[in-house]
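The chain contents come next:
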Amino acid sequence: MGDTLEFNEIYQEVKGSWNDGRLRFSKQNVVYKSSKTGKVDSIPASELNLAQWRRVCLGHGIKLGTSSGHVYKYDGFRDTDFEKISEFFKTNYKLELAEKDMCVKGWNWGTAKFSGPLLSFDVNDNTAFEVPLSNVSQCATGKNEVTLEFHQNDDTEVSLMEVRFYVPPSQSDERQDPVEAFAQSVLSKADVIQATGDAVCIFKELQCLTPRGRYDIRIYPTFLHLHGKTFDYKIPYTTVLRLFLLPHKDQRQMFFVISLDPPIKQGQTRYHFLILLFSKEEDISLTLNMSEEDVERRFEGKLSKNMSGSLYEMVSRVMKALVNRKITVPGNFQGHSGAQCITCSYKASSGLLYPLERGFIYVHKPPVHLRFEEISCVNFARGTTTTRSFDFEIETKQGNQYTFSSIEREEYGKLFDFVNAKKLNIKNRGFKEGMKGNIDEYSDSDEDQHDAYLERMKAEGKIREEGNDSDESDAESDESFNPGEEDDDIAEEYDSNASASDSSEDGDDSEDDSAKKKKAKKPKPVKEKKERKPRKEVSQQEEDVREISGCKEDSVRNVFFLKGCPWY
């Protein structure tokens, strides 16, 4: 038995959709990483107090519980995995992996039990189904009835909208309503956003690029409230995936990017990123709406009651403490101009591409974040509109392609070195490494400077010409049409004087002559002027008729026929 156990294609259910990922058991912790979002769940081994092996729709699944009350469920195991996982748990976690049977009777009456963040519906002490209370968006009560409404997931084809529970009246305790008690148990763990109490702090009139406008941001202990002139958004901290702090190329502004999953909605539009723009020169003095003891106990020195500094520093510092996520900043990449980003265009808009330590991010319209682990290959392509720029193409493992165009040629060397250092697969590596040897090809140049693309086109043209020459040499033995050589035949066919050719009389000699003509080209003969045909003699009768009728010579015979001349 090794120190770790790893499993691929393990699925985690997120609001009705299955997200695949990798699960690793080690002596120190249990780590699950989603392939879709890159989010990592890390469970310390010392906090594990529950492990169950269950038969589920995707084969077999494991349910883990912690001393802090969190429950994690992972599915997609095979039946043969039970023995090695059970032995690993006994050896390293001192925990027994118990087999738990599920109820498949299909009964719709049973017992509702609240266990941490789960609502379990049991039939004869066997679980029929479980409802994660964090998926509940609203809880309504009626007469002996409780209705649960759920958050929707855009990635699912079929979504569960609501579930209704009938709660029979209790005969033992008349002072407490069982319906209200059920509803309070749900709301205590549900993800219902209610602005109860005062905000920790408020930032006024912040410029927001996505969604566009100016918003007042109210910071609450569990969610973020954006209040604008037209729209309001409430963003739970649990939906925040990543935080980015990116310097603008002009060195006077800063982007603060919040990655969200699931995204916020405005009609049919989905915003996966919240982008704020700050000026570096803008300062603020901030006072938290909490006592100093509460601030120290809650944030453990990350924040203080009174703070002052740049506006972007205050916002990022507060968000980092409340969301409990690291802030990603650009790494050691520097472009040609010394900036940590590259000016380029994506689709129809111009923006900035930031090479990070573990991915790329493009801001701001539309924002795109690509992690290195989901990139299949990259490609450096020649610009379609001008020779002074190039395109940077990224292809993901899912088959999607992102093209960042109009990148200045001066940025090529820095970007190629960065991609090569990150060991990304370069599609046209052979051609680009040749270009990298002569890096001046992507530097600012005059018209008389060496152009690699032009040289390549010339080489291809030479190869094409050589191929045409070889085709001509092979086809020399074939007879081809030559107007100069065929004049005699043409003259024979169209001239009235047929004496120019003796082909009908000397048939045998013409074959030898034609063979000689093929081997040796003779000069183009000069055509002789054709002799005019001699004028025909006209009889006396025809002259008489022509004088009488006034007809031309060619019509004389017709006139004779019409006149009925006896000598015709």
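These numbers come from a predicted model, not from an experiment.

Calculation notes
Residues numbered from 1 in each chain as written. Predicted model: local features only at pLDDT ≥ 70, side-chain atom pairs only at ≥ 80, totals over all residues. Heavy atoms only, no water. Pairing = 2+ DSSP bridges. Helix = DSSP H or I, 4+ residues; strand = E, 2+ residues; numbered from the N terminus. Axes fitted to C-alpha atoms, helices over the stretch in contact; angles between N-to-C directions. Patch = residues over 30% accessible without salt bridge, like charges linked within 9 Å, V, L, I, M, F, W, Y side chains within 5 Å. Areas by Shrake-Rupley, 256 points an atom, 1.4 Å probe, with all protein chains shown as cover. Salt bridge = Lys/Arg side-chain N within 4 Å of Asp/Glu carboxyl O. Lys, Arg positive; Asp, Glu negative; His and termini not counted. Charge placed at Lys NZ, Arg CZ, Asp CG, Glu CD. Contact = heavy atoms within 4.5 Å. Buried < 20%, exposed > 50% of the residue type's maximum accessible area, 1.4 Å probe, protein only. pLDDT = per-residue confidence, 0-100. Phe/Tyr/Trp six-rings, centres within 6.5 Å; stacked < 30°, edge-to-face > 60°. Core = buried A, V, L, I, M, F, W, Y, C linked by side-chain atoms within 4.5 Å.

## Thoughts on the sheet that holds strand 13 (residues 145-150)
The antiparallel open sheet is built from three strands, whose spatial order is 12-13-14. Each edge of the sheet is formed by a strand with only one pairing partner; in this case those strands are strand 12 (136-142) and strand 14 (162-166). Mean inter-strand twist for the sheet, computed between neighbouring axes without regard to direction, equals 15°. Both strand 13 and strand 14 contribute to a ladder of five bridges, which runs antiparallel. Residue Glu145 lies in a different strand from strand 14, and its bridge partner there is Tyr166.

## Focus on unusual backbone geometry
Here the residue pair Thr210 and Pro211 is connected by a cis peptide bond, since its omega of -5° sits within 30 degrees of zero. Relative to the assigned elements, Pro211 resides in the loop between strand 15 (201-210) and strand 16 (213-219). With omega at 5°, the peptide bond leading from Asp261 into Pro262 counts as cis. Tracing the sequence through the fold places Pro262 in strand 20 (residues 253-266).

## Some thoughts on a negative patch on the surface
Together, Asp79, Glu83, Glu87, Glu99 and Asp101 line one region of the surface with negative charge. Looking at the element boundaries, Asp101 is found in the loop between strand 8 (98-100) and strand 9 (111-115).

## Some details on the side chain of Ser34
Its location among the elements puts Ser34 in strand 3 (residues 29-34). Excluding anything up to four places from it in sequence, Ser34 contacts Asn19, Asp20, Gly21 and Lys39.

## Details of the sheet that holds strand 9
Strand order in the open sheet made by the three strands is 9-10-11, with antiparallel pairing throughout. Of all the strands in the sheet, just strand 9 and strand 11 (126-132) have a single pairing partner and so form its edges. Put simply, the sheet's adjacent strands are angled 25° from each other on average, direction ignored. For strand 9 and strand 10 (residues 118-123), the ladder comprises five bridges, and the chain directions are antiparallel. From the neighbouring strand, Lys113 faces strand 10, where its bridge partner is Ser120.

## Side note on the pairing of strand 28 (residues 368-371)
The alternating pattern of strand 28 places Val368 and Leu370 on one face and His369 and Arg371 on the opposite face, and all of these are buried. The pairing of strand 27 (residues 359-363) with strand 28 spans four bridges and is classified as antiparallel. Of the residues in strand 28, the one forming a bridge with Ile361 is His369.

## Considerations on the confidence of the model for the chain
Put simply, the chain has an average pLDDT of 77, and 74% of its residues get 70 or more. Taken element by element, the predicted model of the chain shows its lowest mean pLDDT in helix 6 (residues 429-437) (45) and its highest in strand 27 (92). This stretch, residues 430-450, has a pLDDT under 50; its non-local contacts, to residues over four places away or in other chains, come to 33 contacts.

## Digging into the packing of aromatic side chains
Tallied over the entire structure, the rule returns 32 aromatic pairs. For the pair Tyr346 and Tyr362, a centre-to-centre distance of 5.7 Å together with 65° between the ring planes defines the contact as edge-to-face. You can see Tyr346 sitting in strand 25 (residues 342-346) and its partner Tyr362 sitting in strand 27, a full 16 residues away along the chain. On the accessibility criterion, Tyr362 (0% relative accessible area) is buried. Ring plane angle 75° and centroid distance 5.5 Å describe the contact between Phe360 and Phe372, whose orientation is recorded as edge-to-face. With Phe360 in strand 27 and Phe372 in the loop between strand 28 and strand 29 (375-382), this residue pair connects regions lying twelve residues apart in the sequence. Each member of the pair Phe360 and Phe372 is classed as buried.

## Looking at the nonpolar core
Within the largest apolar cluster, 41 residues are counted, with the highest numbers of intra-cluster contacts made by Phe203, Ile219, Leu224, Phe256, Ile258, Val318 and Met319. Filtering out sequence-adjacent residues up to four positions away, Ile219 remains in contact with Ala199, Val200, Cys201, Phe203, Leu224, Tyr237, Val318, Met319 and Leu322. Residues Phe380, Phe404, Ile407 and Leu424 belong to the second largest nonpolar core, which totals 26 residues.

## Focus on a positive patch on the surface
Where like charges cluster on the molecular surface, the positive patch consists of Lys302, Lys320, Lys326 and Arg358. Relative to the helices and strands, Lys326 resides in the loop between helix 4 (311-323) and strand 24 (327-328).

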